[in-house]
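Fold and contact review
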Amino acid sequence: MKYLIIPFLLAITGCEVLYDANRDKIGEYCNSLNNFDDRNACRKRNQTSYQEYVQQRDQVKKSKSDK
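Per an unreviewed UniProt entry, the chain is named Lipoprotein, and its organism is Janthinobacterium rivuli.

**Quick look at the overall build of the chain**
Looking only at helices and strands, the chain features three helices and zero strands. When the helices and strands of the chain are placed in sequence order, the string is α-α-α. Looking at the chain as a whole, 13% of its 67 residues qualify as buried. Summed over its atoms, the accessible surface of the chain is roughly 6,000 Å², and 58% of this surface lies on carbon and sulfur atoms.

**A short note on the state of the cysteines**
Per the counting criterion, the structure on display carries one disulfide. Shown here is the disulfide that connects C30 with C42, its sulfur atoms set 1.8 Å apart. Disulfide C30-C42: torsion about the S-S bond near -65 degrees, hence left-handed. Of this pair, C30 sits in helix 1 (residues 2-32) while C42 sits in helix 2 (residues 36-45), placing them 12 residues apart in sequence. When sorted by exposure, C30 lands in the same class as C42, which is buried.

Reading guide: rules and limits
Residues numbered from 1 in each chain as written. Predicted model: local features only at pLDDT ≥ 70, side-chain atom pairs only at ≥ 80, totals over all residues. Heavy atoms only, no water. Helix = DSSP H or I, 4+ residues; strand = E, 2+ residues; numbered from the N terminus. Buried < 20%, exposed > 50% of the residue type's maximum accessible area, 1.4 Å probe, protein only. Areas by Shrake-Rupley, 256 points an atom, 1.4 Å probe, with all protein chains shown as cover. Disulfide = S-S within 2.5 Å.

Here you go:
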């Protein structure tokens, strides 16, 4: 049983690492925008943490399955 837990944990943390790396790239893009309003809107869209993303995704899945 313990041999199944370690790969599972690595897979979960791997997704989080990729998500954070992508957020960093998007953050660099946001900072490169010249228009102040566009830059702030981009930063605001990019604020979601991985945990918040997972919660939102699960809520969407649940609402679709309830229909």
